[in-house]
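# Report on the structure
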Amino acid sequence: MVQLGLTDEVLQSKTMWLCSLCYECQVRCPRGIPLTETITRLKERAIKDGVAKWPKSTLFYQVFNGVVRRYGRMREMEFMARYLLSADPLGAFNFAGLGLTMFARGKIHLEMPKLAGEGRLDRLFERVEELEAQR
Amino acid sequence: MKYHLYPGCSAEGSALEYKISTLKVLEALGAEVTELENWTCCGASAASVQSDLLGVTLPARNLALAEQADGGGSSESPVDMIAVCSACYTNFRRASQAVGADAALLRTVNKALEVEGLTFHNRVRTRHLMEVLAVDFTPEEIAERVERPLTGLTVAPYYGCQTVRPYSPFDDNEKPTSMIAILEALGAKVHRHNRGAACCGTSLLMTKPRVGHHMVGEILTACSPADCVAVVCPMCHMNLDGYQNQVSQVMGQQLRVPILFLPQLMGLAFGLPPSDLLLKRHVVSAEPVLMRLADTETT
(Lines give C-alpha, C1' and ligand atoms only; values in the text may rest on other atoms or scores of the structure.)
Protein backbone atom coordinates (compact mmCIF):
# COMPACT_ATOMS: atom_id res chain seq x y z
CA MET A 1 0.00 0.00 0.00
CA VAL A 2 2.91 2.36 0.74
CA GLN A 3 4.31 1.56 -2.70
CA LEU A 4 0.91 2.41 -4.18
CA GLY A 5 1.02 5.83 -2.54
CA LEU A 6 -1.54 4.99 0.16
CA THR A 7 0.86 6.06 2.92
CA ASP A 8 -1.73 7.94 4.98
CA GLU A 9 -4.09 4.97 5.09
CA VAL A 10 -1.25 2.76 6.27
CA LEU A 11 0.08 5.18 8.89
CA GLN A 12 -3.40 5.76 10.33
CA SER A 13 -4.17 2.05 10.57
CA LYS A 14 -4.19 0.05 13.79
CA THR A 15 -2.52 -3.01 12.28
CA MET A 16 1.07 -2.23 13.15
CA TRP A 17 0.21 -1.29 16.74
CA LEU A 18 -1.25 -4.77 17.24
CA CYS A 19 2.05 -6.35 16.20
CA SER A 20 3.82 -7.94 19.15
CA LEU A 21 7.04 -8.68 17.20
CA CYS A 22 6.47 -12.44 17.36
CA TYR A 23 8.01 -12.86 13.86
CA GLU A 24 5.49 -15.56 12.92
CA CYS A 25 4.56 -13.82 9.66
CA GLN A 26 8.21 -13.22 8.79
CA VAL A 27 9.31 -16.86 9.23
CA ARG A 28 6.25 -18.10 7.34
CA CYS A 29 6.37 -15.71 4.38
CA PRO A 30 7.05 -17.88 1.32
CA ARG A 31 8.65 -14.95 -0.49
CA GLY A 32 11.01 -14.13 2.36
CA ILE A 33 9.68 -10.61 2.88
CA PRO A 34 10.86 -9.14 6.22
CA LEU A 35 7.34 -8.30 7.35
CA THR A 36 8.12 -7.75 11.02
CA GLU A 37 10.95 -5.37 10.13
CA THR A 38 8.62 -3.51 7.77
CA ILE A 39 6.09 -3.03 10.57
CA THR A 40 8.82 -1.59 12.82
CA ARG A 41 9.78 0.92 10.09
CA LEU A 42 6.10 1.91 9.71
CA LYS A 43 5.86 2.52 13.45
CA GLU A 44 8.97 4.72 13.25
CA ARG A 45 7.50 6.66 10.35
CA ALA A 46 4.13 7.15 12.08
CA ILE A 47 5.80 8.50 15.23
CA LYS A 48 8.13 10.79 13.23
CA ASP A 49 5.17 12.11 11.23
CA GLY A 50 3.30 12.79 14.45
CA VAL A 51 0.36 10.49 13.71
CA ALA A 52 -1.62 10.84 16.93
CA LYS A 53 -4.33 8.30 16.38
CA TRP A 54 -3.00 5.59 18.72
CA PRO A 55 -1.49 7.54 21.61
CA LYS A 56 -1.37 4.60 24.04
CA SER A 57 0.91 2.68 21.70
CA THR A 58 3.13 5.55 20.60
CA LEU A 59 3.54 6.82 24.17
CA PHE A 60 4.64 3.35 25.24
CA TYR A 61 7.70 3.54 23.01
CA GLN A 62 8.45 7.17 23.75
CA VAL A 63 8.26 6.79 27.52
CA PHE A 64 10.31 3.57 27.36
CA ASN A 65 13.09 5.20 25.34
CA GLY A 66 13.06 8.21 27.64
CA VAL A 67 13.70 6.03 30.70
CA VAL A 68 16.49 4.11 28.93
CA ARG A 69 18.13 7.35 27.79
CA ARG A 70 18.09 8.76 31.32
CA TYR A 71 19.24 5.72 33.29
CA GLY A 72 20.85 3.48 30.68
CA ARG A 73 18.59 0.67 31.82
CA MET A 74 14.89 0.13 32.22
CA ARG A 75 13.46 1.11 35.58
CA GLU A 76 10.28 -0.91 35.53
CA MET A 77 8.42 0.89 38.32
CA GLU A 78 9.15 4.35 36.98
CA PHE A 79 8.34 3.30 33.44
CA MET A 80 5.00 1.74 34.39
CA ALA A 81 4.02 4.76 36.49
CA ARG A 82 5.03 7.27 33.80
CA TYR A 83 3.42 5.32 31.00
CA LEU A 84 0.14 4.57 32.74
CA LEU A 85 -0.27 8.09 34.08
CA SER A 86 0.44 9.72 30.72
CA ALA A 87 -1.38 7.24 28.47
CA ASP A 88 -4.35 6.14 30.50
CA PRO A 89 -4.72 7.59 34.02
CA LEU A 90 -8.07 5.87 34.66
CA GLY A 91 -6.90 2.56 33.26
CA ALA A 92 -3.93 2.77 35.63
CA PHE A 93 -6.25 1.47 38.36
CA ASN A 94 -6.41 -1.86 36.54
CA PHE A 95 -2.70 -2.25 37.13
CA ALA A 96 -2.66 -1.07 40.74
CA GLY A 97 -3.37 -4.57 42.10
CA LEU A 98 -0.57 -6.15 40.10
CA GLY A 99 1.79 -3.34 41.07
CA LEU A 100 1.06 -3.83 44.77
CA THR A 101 1.48 -7.61 44.53
CA MET A 102 4.79 -7.24 42.71
CA PHE A 103 5.90 -4.69 45.29
CA ALA A 104 4.96 -7.08 48.12
CA ARG A 105 6.92 -9.91 46.46
CA GLY A 106 9.96 -7.67 46.07
CA LYS A 107 9.76 -7.76 42.29
CA ILE A 108 9.69 -3.99 41.96
CA HIS A 109 10.97 -1.35 44.34
CA LEU A 110 10.87 2.38 44.74
CA GLU A 111 13.77 4.39 43.41
CA MET A 112 13.97 8.16 43.44
CA PRO A 113 13.72 9.50 39.91
CA LYS A 114 16.75 11.55 38.84
CA LEU A 115 15.34 14.34 36.77
CA ALA A 116 18.24 16.80 36.73
CA GLY A 117 21.66 16.47 35.17
CA GLU A 118 22.92 14.52 32.20
CA GLY A 119 21.20 11.24 31.35
CA ARG A 120 23.36 8.09 31.20
CA LEU A 121 22.92 7.69 27.45
CA ASP A 122 22.26 11.33 26.43
CA ARG A 123 25.50 11.54 24.46
CA LEU A 124 24.95 8.25 22.65
CA PHE A 125 21.35 9.13 21.78
CA GLU A 126 22.48 12.57 20.52
CA ARG A 127 25.29 11.09 18.41
CA VAL A 128 22.86 8.57 16.90
CA GLU A 129 20.45 11.41 16.04
CA GLU A 130 23.26 13.34 14.29
CA LEU A 131 24.40 10.27 12.35
CA GLU A 132 20.83 9.35 11.44
CA ALA A 133 20.29 12.85 10.02
CA GLN A 134 23.36 12.39 7.77
CA ARG A 135 22.25 9.03 6.41
CA MET B 1 32.92 -23.84 29.25
CA LYS B 2 33.27 -20.06 29.49
CA TYR B 3 30.48 -17.59 28.95
CA HIS B 4 29.76 -13.91 29.36
CA LEU B 5 26.30 -13.24 30.76
CA TYR B 6 24.17 -10.26 29.77
CA PRO B 7 21.36 -10.27 32.37
CA GLY B 8 19.23 -7.47 30.89
CA CYS B 9 16.95 -5.05 32.70
CA SER B 10 14.17 -7.47 33.68
CA ALA B 11 16.47 -10.19 35.04
CA GLU B 12 18.18 -7.50 37.10
CA GLY B 13 14.81 -6.19 38.32
CA SER B 14 11.43 -7.89 38.46
CA ALA B 15 12.86 -11.26 37.34
CA LEU B 16 15.98 -11.27 39.53
CA GLU B 17 15.12 -14.87 40.48
CA TYR B 18 15.78 -15.81 36.85
CA LYS B 19 19.32 -14.39 36.84
CA ILE B 20 20.22 -15.82 40.27
CA SER B 21 18.88 -19.31 39.47
CA THR B 22 20.60 -19.25 36.06
CA LEU B 23 23.97 -18.43 37.64
CA LYS B 24 23.55 -21.14 40.28
CA VAL B 25 22.48 -23.81 37.80
CA LEU B 26 25.27 -23.03 35.32
CA GLU B 27 27.75 -23.10 38.20
CA ALA B 28 26.39 -26.50 39.28
CA LEU B 29 26.90 -27.74 35.72
CA GLY B 30 30.52 -26.63 35.84
CA ALA B 31 30.27 -23.62 33.52
CA GLU B 32 32.38 -20.53 34.07
CA VAL B 33 30.14 -17.47 33.81
CA THR B 34 31.18 -13.83 34.02
CA GLU B 35 28.53 -11.15 34.27
CA LEU B 36 29.06 -8.27 31.91
CA GLU B 37 29.88 -5.02 33.69
CA ASN B 38 28.52 -1.60 32.86
CA TRP B 39 25.91 -2.98 30.48
CA THR B 40 22.94 -0.92 29.32
CA CYS B 41 19.51 -1.72 27.89
CA CYS B 42 19.46 -3.68 24.60
CA GLY B 43 16.80 -1.29 23.30
CA ALA B 44 13.96 -3.79 23.78
CA SER B 45 11.19 -3.36 21.22
CA ALA B 46 11.32 0.41 21.58
CA ALA B 47 14.71 1.67 20.32
CA SER B 48 14.29 0.47 16.75
CA VAL B 49 10.88 2.13 16.61
CA GLN B 50 12.46 5.49 17.51
CA SER B 51 15.30 5.05 15.03
CA ASP B 52 16.68 2.22 12.95
CA LEU B 53 20.24 3.19 13.86
CA LEU B 54 19.46 3.39 17.59
CA GLY B 55 17.97 -0.12 17.38
CA VAL B 56 21.37 -1.43 16.23
CA THR B 57 23.61 0.85 18.31
CA LEU B 58 22.14 0.05 21.74
CA PRO B 59 22.69 -3.72 21.41
CA ALA B 60 26.07 -3.13 19.71
CA ARG B 61 27.25 -1.18 22.74
CA ASN B 62 26.79 -4.28 24.92
CA LEU B 63 28.28 -6.63 22.33
CA ALA B 64 31.35 -4.36 22.24
CA LEU B 65 31.56 -4.61 26.05
CA ALA B 66 31.53 -8.42 25.79
CA GLU B 67 34.42 -8.28 23.30
CA GLN B 68 36.30 -5.93 25.62
CA ALA B 69 35.72 -8.27 28.58
CA ASP B 70 37.06 -11.10 26.45
CA GLY B 71 40.37 -9.33 25.87
CA GLY B 72 39.58 -6.96 23.04
CA GLY B 73 38.46 -7.48 19.48
CA SER B 74 41.71 -8.82 18.06
CA SER B 75 41.18 -12.55 18.59
CA GLU B 76 39.55 -14.54 15.81
CA SER B 77 37.51 -16.89 17.97
CA PRO B 78 33.93 -15.87 18.74
CA VAL B 79 32.95 -14.55 22.15
CA ASP B 80 30.04 -16.51 23.63
CA MET B 81 27.55 -14.26 25.36
CA ILE B 82 24.42 -15.63 27.00
CA ALA B 83 21.18 -13.66 26.92
CA VAL B 84 18.46 -14.93 29.26
CA CYS B 85 15.76 -12.68 27.82
CA SER B 86 14.38 -13.52 24.41
CA ALA B 87 13.93 -9.87 23.42
CA CYS B 88 17.57 -9.08 24.31
CA TYR B 89 18.63 -12.21 22.43
CA THR B 90 16.73 -11.14 19.33
CA ASN B 91 18.15 -7.60 19.45
CA PHE B 92 21.75 -8.83 19.77
CA ARG B 93 21.36 -11.33 16.96
CA ARG B 94 19.58 -8.75 14.81
CA ALA B 95 22.35 -6.18 15.35
CA SER B 96 25.11 -8.71 14.60
CA GLN B 97 23.37 -9.79 11.43
CA ALA B 98 22.72 -6.20 10.31
CA VAL B 99 26.34 -5.00 10.68
CA GLY B 100 27.61 -8.30 9.26
CA ALA B 101 25.68 -7.67 6.06
CA ASP B 102 26.51 -3.96 5.82
CA ALA B 103 30.07 -2.73 6.47
CA ALA B 104 28.98 0.91 6.17
CA LEU B 105 26.46 0.35 8.98
CA LEU B 106 29.19 -1.10 11.20
CA ARG B 107 31.31 2.03 10.58
CA THR B 108 28.36 4.28 11.45
CA VAL B 109 27.63 2.30 14.62
CA ASN B 110 31.28 2.63 15.62
CA LYS B 111 31.14 6.39 15.05
CA ALA B 112 28.25 6.46 17.50
CA LEU B 113 30.04 4.22 19.99
CA GLU B 114 33.03 6.65 20.03
CA VAL B 115 31.18 8.69 22.66
CA GLU B 116 31.20 5.59 24.88
CA GLY B 117 34.87 4.85 24.13
CA LEU B 118 33.95 1.52 22.54
CA THR B 119 34.55 -0.24 19.24
CA PHE B 120 32.50 -3.16 17.97
CA HIS B 121 34.20 -5.84 15.86
CA ASN B 122 31.17 -8.09 15.42
CA ARG B 123 32.70 -11.25 16.77
CA VAL B 124 30.20 -12.02 19.53
CA ARG B 125 28.05 -15.09 19.25
CA THR B 126 24.91 -14.37 21.28
CA ARG B 127 23.31 -17.49 22.65
CA HIS B 128 20.00 -17.92 24.39
CA LEU B 129 20.14 -19.63 27.76
CA MET B 130 17.74 -22.21 26.29
CA GLU B 131 20.32 -23.06 23.62
CA VAL B 132 23.19 -23.32 26.08
CA LEU B 133 21.22 -25.65 28.36
CA ALA B 134 19.96 -27.80 25.49
CA VAL B 135 23.07 -27.93 23.31
CA ASP B 136 26.17 -27.48 25.48
CA PHE B 137 25.07 -30.06 28.06
CA THR B 138 23.69 -33.50 27.28
CA PRO B 139 20.57 -34.73 29.09
CA GLU B 140 22.85 -37.33 30.73
CA GLU B 141 25.11 -34.60 32.13
CA ILE B 142 22.05 -32.83 33.51
CA ALA B 143 20.60 -36.08 34.92
CA GLU B 144 23.91 -36.81 36.66
CA ARG B 145 23.57 -33.60 38.64
CA VAL B 146 20.01 -34.40 39.83
CA GLU B 147 19.69 -35.08 43.56
CA ARG B 148 15.94 -34.66 44.04
CA PRO B 149 14.17 -35.81 40.87
CA LEU B 150 10.96 -33.97 39.98
CA THR B 151 9.05 -37.27 40.05
CA GLY B 152 5.28 -36.80 39.98
CA LEU B 153 5.47 -33.27 38.62
CA THR B 154 3.96 -32.52 35.21
CA VAL B 155 5.55 -29.51 33.51
CA ALA B 156 4.34 -27.66 30.41
CA PRO B 157 7.29 -26.21 28.46
CA TYR B 158 6.72 -22.71 27.12
CA TYR B 159 9.44 -21.23 24.94
CA GLY B 160 7.93 -17.93 23.80
CA CYS B 161 8.20 -16.49 20.34
CA GLN B 162 11.51 -14.67 20.11
CA THR B 163 13.39 -17.54 21.76
CA VAL B 164 12.91 -19.50 18.55
CA ARG B 165 11.97 -16.80 16.01
CA PRO B 166 13.46 -15.58 13.79
CA TYR B 167 17.08 -16.35 14.73
CA SER B 168 17.09 -19.68 16.57
CA PRO B 169 19.91 -21.91 15.30
CA PHE B 170 18.98 -24.60 17.83
CA ASP B 171 15.28 -25.36 17.59
CA ASP B 172 12.26 -25.33 15.31
CA ASN B 173 10.74 -21.89 14.62
CA GLU B 174 7.21 -23.04 15.38
CA LYS B 175 7.32 -26.42 17.13
CA PRO B 176 10.24 -26.21 19.54
CA THR B 177 11.24 -29.29 21.53
CA SER B 178 14.56 -28.39 23.20
CA MET B 179 13.12 -28.25 26.74
CA ILE B 180 11.63 -31.74 26.67
CA ALA B 181 14.84 -33.73 27.16
CA ILE B 182 15.96 -31.41 29.95
CA LEU B 183 12.68 -31.71 31.86
CA GLU B 184 12.73 -35.48 31.44
CA ALA B 185 16.33 -35.59 32.67
CA LEU B 186 15.08 -33.80 35.81
CA GLY B 187 12.56 -36.58 36.32
CA ALA B 188 9.49 -34.52 35.42
CA LYS B 189 6.66 -35.58 33.17
CA VAL B 190 6.25 -33.29 30.15
CA HIS B 191 2.83 -31.95 29.18
CA ARG B 192 2.84 -31.67 25.39
CA HIS B 193 0.77 -28.88 23.85
CA ASN B 194 0.78 -26.72 20.75
CA ARG B 195 1.25 -23.25 22.23
CA GLY B 196 4.95 -23.56 23.09
CA ALA B 197 6.07 -20.94 20.58
CA ALA B 198 2.95 -18.77 20.67
CA CYS B 199 3.54 -15.14 21.63
CA CYS B 200 2.80 -14.02 25.22
CA GLY B 201 1.59 -10.64 23.94
CA THR B 202 4.58 -8.62 25.21
CA SER B 203 3.66 -4.93 25.53
CA LEU B 204 0.10 -5.51 24.31
CA LEU B 205 -0.75 -6.40 27.93
CA MET B 206 -0.22 -2.69 28.63
CA THR B 207 -1.19 -1.01 25.37
CA LYS B 208 -4.06 -3.28 24.23
CA PRO B 209 -4.99 -5.34 27.32
CA ARG B 210 -8.00 -7.10 25.81
CA VAL B 211 -5.88 -8.50 23.00
CA GLY B 212 -3.03 -9.36 25.37
CA HIS B 213 -5.27 -11.15 27.88
CA HIS B 214 -6.62 -13.34 25.13
CA MET B 215 -3.14 -14.28 23.90
CA VAL B 216 -2.07 -15.23 27.43
CA GLY B 217 -5.37 -17.06 27.93
CA GLU B 218 -4.78 -19.37 24.99
CA ILE B 219 -1.34 -20.30 26.31
CA LEU B 220 -2.50 -20.84 29.90
CA THR B 221 -5.46 -22.93 28.73
CA ALA B 222 -3.15 -25.17 26.69
CA CYS B 223 -0.76 -25.49 29.65
CA SER B 224 -3.34 -25.77 32.43
CA PRO B 225 -3.43 -29.60 32.72
CA ALA B 226 0.18 -29.37 33.96
CA ASP B 227 1.25 -28.62 37.54
CA CYS B 228 3.34 -25.69 36.33
CA VAL B 229 4.78 -23.99 33.26
CA ALA B 230 8.52 -23.69 32.59
CA VAL B 231 9.61 -20.46 30.86
CA VAL B 232 12.88 -19.00 29.61
CA CYS B 233 12.10 -15.30 29.19
CA PRO B 234 11.32 -12.64 31.83
CA MET B 235 8.76 -10.91 29.60
CA CYS B 236 6.87 -14.17 29.07
CA HIS B 237 7.05 -14.78 32.81
CA MET B 238 5.63 -11.38 33.66
CA ASN B 239 2.73 -11.81 31.24
CA LEU B 240 1.85 -15.43 32.09
CA ASP B 241 2.28 -14.96 35.85
CA GLY B 242 1.01 -11.43 36.43
CA TYR B 243 -2.43 -11.32 34.84
CA GLN B 244 -4.07 -14.68 35.62
CA ASN B 245 -7.08 -13.14 37.38
CA GLN B 246 -8.00 -10.87 34.47
CA VAL B 247 -7.20 -13.61 31.96
CA SER B 248 -9.52 -16.04 33.79
CA GLN B 249 -12.36 -13.51 33.41
CA VAL B 250 -11.66 -13.06 29.71
CA MET B 251 -11.48 -16.82 29.11
CA GLY B 252 -14.52 -17.63 31.28
CA GLN B 253 -12.67 -20.26 33.29
CA GLN B 254 -10.50 -20.22 36.37
CA LEU B 255 -6.85 -20.40 35.34
CA ARG B 256 -4.26 -20.63 38.06
CA VAL B 257 -0.96 -22.19 37.01
CA PRO B 258 2.39 -21.48 38.69
CA ILE B 259 4.93 -20.15 36.17
CA LEU B 260 8.53 -21.07 36.98
CA PHE B 261 11.76 -20.27 35.20
CA LEU B 262 13.42 -23.40 33.80
CA PRO B 263 16.59 -22.87 35.89
CA GLN B 264 14.43 -22.67 39.03
CA LEU B 265 13.08 -26.15 38.24
CA MET B 266 16.59 -27.37 37.46
CA GLY B 267 17.81 -25.93 40.75
CA LEU B 268 15.04 -27.74 42.65
CA ALA B 269 16.05 -31.02 41.01
CA PHE B 270 19.73 -30.32 41.68
CA GLY B 271 18.85 -29.95 45.37
CA LEU B 272 20.06 -26.32 45.50
CA PRO B 273 18.99 -24.36 48.60
CA PRO B 274 15.70 -22.43 48.17
CA SER B 275 17.56 -19.18 48.85
CA ASP B 276 19.34 -19.69 45.49
CA LEU B 277 16.08 -20.08 43.63
CA LEU B 278 13.92 -17.25 45.05
CA LEU B 279 10.69 -19.18 44.55
CA LYS B 280 8.55 -16.80 46.59
CA ARG B 281 8.71 -13.86 44.20
CA HIS B 282 6.01 -14.96 41.76
CA VAL B 283 2.51 -13.50 41.68
CA VAL B 284 0.98 -16.99 41.40
CA SER B 285 2.45 -18.95 44.29
CA ALA B 286 4.86 -21.79 43.47
CA GLU B 287 3.82 -23.50 46.71
CA PRO B 288 1.63 -26.18 45.00
CA VAL B 289 4.72 -27.29 43.04
CA LEU B 290 6.78 -27.67 46.21
CA MET B 291 3.90 -29.53 47.90
CA ARG B 292 3.58 -31.91 44.96
CA LEU B 293 7.28 -32.68 45.17
CA ALA B 294 7.08 -33.14 48.95
CA ASP B 295 4.15 -35.55 48.45
CA THR B 296 6.11 -37.80 46.12
CA GLU B 297 9.12 -37.75 48.43
CA THR B 298 7.11 -39.09 51.37
CA THR B 299 5.22 -41.74 49.41
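Rules of the game
- Residues numbered from 1 in each chain as written.
- Chains lettered and ligands numbered in written order.
- Predicted model: local features only at pLDDT ≥ 70, side-chain atom pairs only at ≥ 80, totals over all residues.
- Helix = DSSP H or I, 4+ residues; strand = E, 2+ residues; numbered from the N terminus.
- Rg over C-alpha atoms; globule rule 2.2 N^0.38 Å.
- Buried ≥ 20, exposed ≤ 12 C-beta atoms within 10 Å, placed from the backbone.
- Contact = placed C-beta atoms within 7 Å.
- Pairing = 2+ DSSP bridges.
- Axes fitted to C-alpha atoms, helices over the stretch in contact; angles between N-to-C directions.
- Nonpolar A, V, L, I, M, F, W, Y, C, P; charged D, E, K, R; others polar.
- Left-handed = near helix turned anticlockwise from the far one by under 90°.
- Domains from an automatic or database assignment.

### A closer look at the overall build of chain A
- The secondary structure content of chain A amounts to seven helices and zero strands.
- Reading the helices (α) and strands (β) of chain A from amino to carboxyl end gives α-α-α-α-α-α-α.
- Its C-alpha atoms give chain A a radius of gyration of 18 Å, clearly above 14 Å, the size a compact globule of 135 residues would have.
- The dimensions of chain A, computed from C-alpha atoms along their principal axes, are 50 × 35 × 30 Å.
- Scored against the burial criterion, the 135 residues of chain A give a buried share of 29%.
- For chain A, contacts bridging at least 24 residues in sequence account for 54% of all contacts bridging at least 6.

### Some words on helix α13 (residues 234-242) of chain B
- Of all nine residues making up α13 of chain B, nine are buried, and the element is well covered by its neighbours.
- P234, M235, C236, H237, M238, N239, L240, D241 and G242 of chain B are the residues of α13 of chain B that are buried.

### A word on the sheet that holds strand β4 (residues 124-128) of chain B
Residues and elements named next belong to chain B.
- Taken together, four strands build an open sheet; the order of strands is β2-β1-β3-β4 and the sheet is parallel. Here the strands that pair on one side only, and so sit at the sheet edges, are β2 (32-35) and β4. Adjacent strand axes in the sheet meet at a mean angle of 35 degrees, parallel and antiparallel pairs treated alike.
- As judged from the five bridges shared by strand β3 (residues 79-83) and β4, these two strands associate in the parallel manner. Across the sheet, A83 pairs through a bridge with H128, a residue of β4.
- Seen against the sheet, helix α7 (residues 129-136) touches β3 and β4 and runs at an angle of roughly 85 degrees to β4.

### Let's talk about the interface of chain A and chain B
- Facing 38 residues of chain A, the contacting portion of chain B comprises 41 residues.
- Those elements that provide at least two residues to the side of chain A that touches chain B are α2 (24-28), α3 (35-48), α4 (55-71), α5 (76-87), α6 (92-104) and α7 (122-134) of chain A.
- For the side of chain A that touches chain B, the residue count by class is 19 nonpolar, eight polar and 11 charged.

### Overview of the environment of C41 of chain B
- As for its placement among the helices and strands, C41 of chain B is situated in the loop between β2 and α3 (47-50).
- Using a count of 26 C-beta atoms within 10 Å as the deciding quantity, one classes C41 of chain B as buried.
- The residues contacting C41 of chain B, other than those within four sequence positions of it, are V68, G72, R73 and M74 of chain A together with C9 and L58 of chain B.

### Details of the packing of α4 of chain A against α5 of chain A
All names here are of chain A.
- Between α4 and α5, whose axes approach to 9 Å, the crossing angle comes to 145 degrees. Crossing angle aside, the handedness with which α4 passes α5 is right-handed. In this structure, α4 uses P55, K56, L59, F60, V63, F64 and V67 to contact α5, whose residues at the interface are E78, F79, R82, Y83, S86 and A87.
- Here the contact of α4 with α5 is composed, by residue class, of nine nonpolar, one polar and three charged.

### Some remarks on the sheet that holds strand β6 (residues 189-190) of chain B
- In space, the four strands of this open sheet follow the order β6-β5-β7-β8 (chain B), with parallel pairing throughout. Strands with a single pairing partner mark the edges of an open sheet, and in this sheet they are β6 and β8 (259-261) of chain B.

### Thoughts on the pairing of β3 of chain B
Residues and elements named next belong to chain B.
- Counted residue by residue, β3 has four buried out of five residues, so it is predominantly covered.
- Relative to β3, strand β1 (residues 2-6) is paired through three bridges, and the arrangement is parallel. When the sheet's bridge partners are listed, L5 is paired in β3 with I82.

### Observations regarding the domain arrangement of chain A
- According to the domain assignment, chain A consists of domain 1 (7-48) and domain 2 (55-134).
- Domain 1 of chain A and domain 2 of chain A are separated by 24 Å when their C-alpha centres are compared.

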